[in-house]
Each structure stands twice: as C-alpha cells, then as structure tokens.
Amino acid sequence: GLRVASVVVIDVLTGGIVVMASYPTFDPNEVSFKADHQKWTEVARHRDHPLENRALRGQYPPGSTFKVVTALAGLENGVITPHERMTCPGGYTFGRRRFRCWKSHGGGIHLHEALKQSCDVYFYETVKRVGIDRLAVTCRELGLGQIYDLGLAGQKQGIVPDTAWKRARFGQPWYAGETISCGIGQGYVSTTPLQLAVMTARIATGTAVVPR
C-alpha cells in the first residue's frame, strides 16, 4: 500500500495554499509539551520519516509531470510547433545510447497527442533541440529551483541543471546525452511538490503565481 506521499493544492488566482499535506504524519500532541518518550522514539525512528515535511523538503524527479515544461521550452524557443508530427517507434537513439519510450506510438504524433499519451520520444527530440541551458530558463520562469518567502522554514531548492550548475557541482562539462533524460523529468532534474504546484498554476494561468 501507500507508504509516503505529499499533496499540495494551490489557488491559481491568489497563490493561496489550500492544502499542504505530507504522509505519513504524526500527532503533534504526542511529541510536544511533555512528550511521551516512547511515542517520540517511535516517530523519530520510523523508517518513513513522518517528521519530514515532504511538501517543502521532499526532492523528487518530477517524471512525466515535467513534459509540459519541455513542451513550453520548445514552443518558446521556436524549435517545435503544435502541429509538427514526430515519429515514435518506441525508442530514441542518441549517440550509442537508446532511450526507451514506455510504448510505441506508431505513426506521427503531434504536441497535444504527445502530452495526452505521455510519449517519451517526442520530448527526447524536443529537449535535444532546446538544449539544457534554454530548458533551465523555462524551468526558472515556471518557479522551479526556487525557495519561496512563505514564512515556512526548511524548504529545499531542488535542482534545475544546466551547464554552469554541472561545472560548479562536478567540475565537468555538460554532455549532450545528459540533456535527453532531463526532457522527461529524469536525470539531474529534482523538484519539490510545492514547486510542482506553482509550476502547474503558472502554466494554467499564464501568470507568475506566487504561493502564500
């Protein structure tokens, strides 16, 4: 069954956070004031870390939720159009590597269909055209890689990778093959549930929604 999860619900018009939940949770009455030592030990040592606020601090690969970012970066930079059809034979070859799609989508597939069917190959090709540095610009416009002034401590920043980030972090150049997996929200890309809620709100409204 479900072991760990987080949910963030945001009002796209005001930026107001309606729900921010992290699971598993704990009863604060048992571990504050005169804390029950046994209860505190159970919570503190639990394998799923209920004291961790995953909504703010959980850093995860966004996976297919990120494909809208890649799509927007492609459109903003003029390297794709909504109507261009790309072929998806079930995989994508770049250099010596082959990146798999979760299924073969047969003939040509355009942007709307690629999003609807979550076609990996479409977004591999799109991100190859965009490049990692231009993708990172779109990420930041959508609120990824940021900490928000919410009066809530302990937020994590996640990772919006680009050539400068990799040089600073690893002292190495960015390799073109690393861009491909980033296009479907894998590789070095890392986000928090709060950031994904902001990203989605900004795409839904076309405005720079700020959470509060």
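Refer to the structure above for everything that follows.
Residues numbered from 1 in each chain as written. Predicted model: local features only at pLDDT ≥ 70, side-chain atom pairs only at ≥ 80, totals over all residues. Heavy atoms only, no water.

K.L.:
What am I meant to see in a nonpolar patch on the surface here?
P.N.:
Taken together, the side chains of Val7, Val9, Val18 and Val19 present a nonpolar region at the surface, about 290 Å² in accessible area. Those elements giving two or more residues to the nonpolar patch turn out to be β1 (5-10) and β2 (17-23). (Patch = residues over 30% accessible without salt bridge, like charges linked within 9 Å, V, L, I, M, F, W, Y side chains within 5 Å. Areas by Shrake-Rupley, 256 points an atom, 1.4 Å probe, with all protein chains shown as cover. Salt bridge = Lys/Arg side-chain N within 4 Å of Asp/Glu carboxyl O. Helix = DSSP H or I, 4+ residues; strand = E, 2+ residues; numbered from the N terminus.)

K.L.:
What's the story with the nonpolar core in this structure? I'm lost.
P.N.:
It is characteristic of soluble globular proteins that their nonpolar side chains tend to be buried jointly. Counting residues in hydrophobic clusters, the biggest one holds 36 residues, and the most contacted among them are Val69, Cys119, Tyr122, Leu135 and Leu144. It is helix α6 (residues 120-130) that provides the largest number of residues to this core, a total of 6 residues. Filtering out sequence-adjacent residues up to four positions away, valine 69 remains in contact with Leu135, Thr138, Cys139, Leu142, Leu144 and Met199. Ranked by size, the runner-up nonpolar core spans 11 residues in total, among them Ala55, Tyr148, Leu194 and Val209. (Core = buried A, V, L, I, M, F, W, Y, C linked by side-chain atoms within 4.5 Å. Buried < 20%, exposed > 50% of the residue type's maximum accessible area, 1.4 Å probe, protein only. Contact = heavy atoms within 4.5 Å.)

K.L.:
Just to check I follow, could you spell out the environment of valine 43 for this structure?
P.N.:
Tracing the chain through its elements places valine 43 in helix α2 (residues 37-45). Residues valine 43 and glycine 106, spaced 63 residues apart in sequence, show a C-alpha to C-alpha distance of 50 Å.

K.L.:
Just checking my understanding: could you explain the pairing of β1 for this structure?
P.N.:
Walk down a regular strand and you will see the side chains alternate between the two sheet faces. Looking at chain direction, β1 and β2 are connected through 6 bridges and run antiparallel. Pairing of valine 8 across the sheet is with methionine 20, part of β2. Counting the residues in the hairpin turn of β1 and β2 gives 6 residues, including glycine 15, whose phi is positive at 80°. (Pairing = 2+ DSSP bridges.)

K.L.:
Quick question: what am I supposed to make of α6 here?
P.N.:
Residues lying three or four places apart along an α-helix face the same way, a consequence of the helix completing one turn every 3.6 residues. Judged by how many residues are buried, α6 sits mostly within the fold: 9 of 11 residues are covered. Those residues of α6 lying buried are Asp120, Val121, Tyr122, Phe123, Tyr124, Glu125, Thr126, Val127 and Val130. One or two steps after α6, the chain reaches glycine 131, where phi turns positive at roughly 85°.

K.L.:
Sorry if this is basic, but what is going on with the pattern of salt bridges here?
P.N.:
Side-chain pairing between opposite charges can occur once the charged atoms of the two side chains come close. In this structure the tally under the stated criterion is 7 salt bridges. A salt bridge links arginine 85 to glutamate 113; the nearest nitrogen and oxygen atoms lie 3.3 Å apart. Here glutamate 113 lies in helix α5 (residues 111-117) and arginine 85 lies in the loop between α4 (67-76) and β3 (86-87), a separation of 28 residues in the sequence. Taking the relative accessible area as the measure of exposure, arginine 85 reaches 47% and is therefore partly exposed. You can call glutamate 113 partly exposed: its relative accessible area is 21%.

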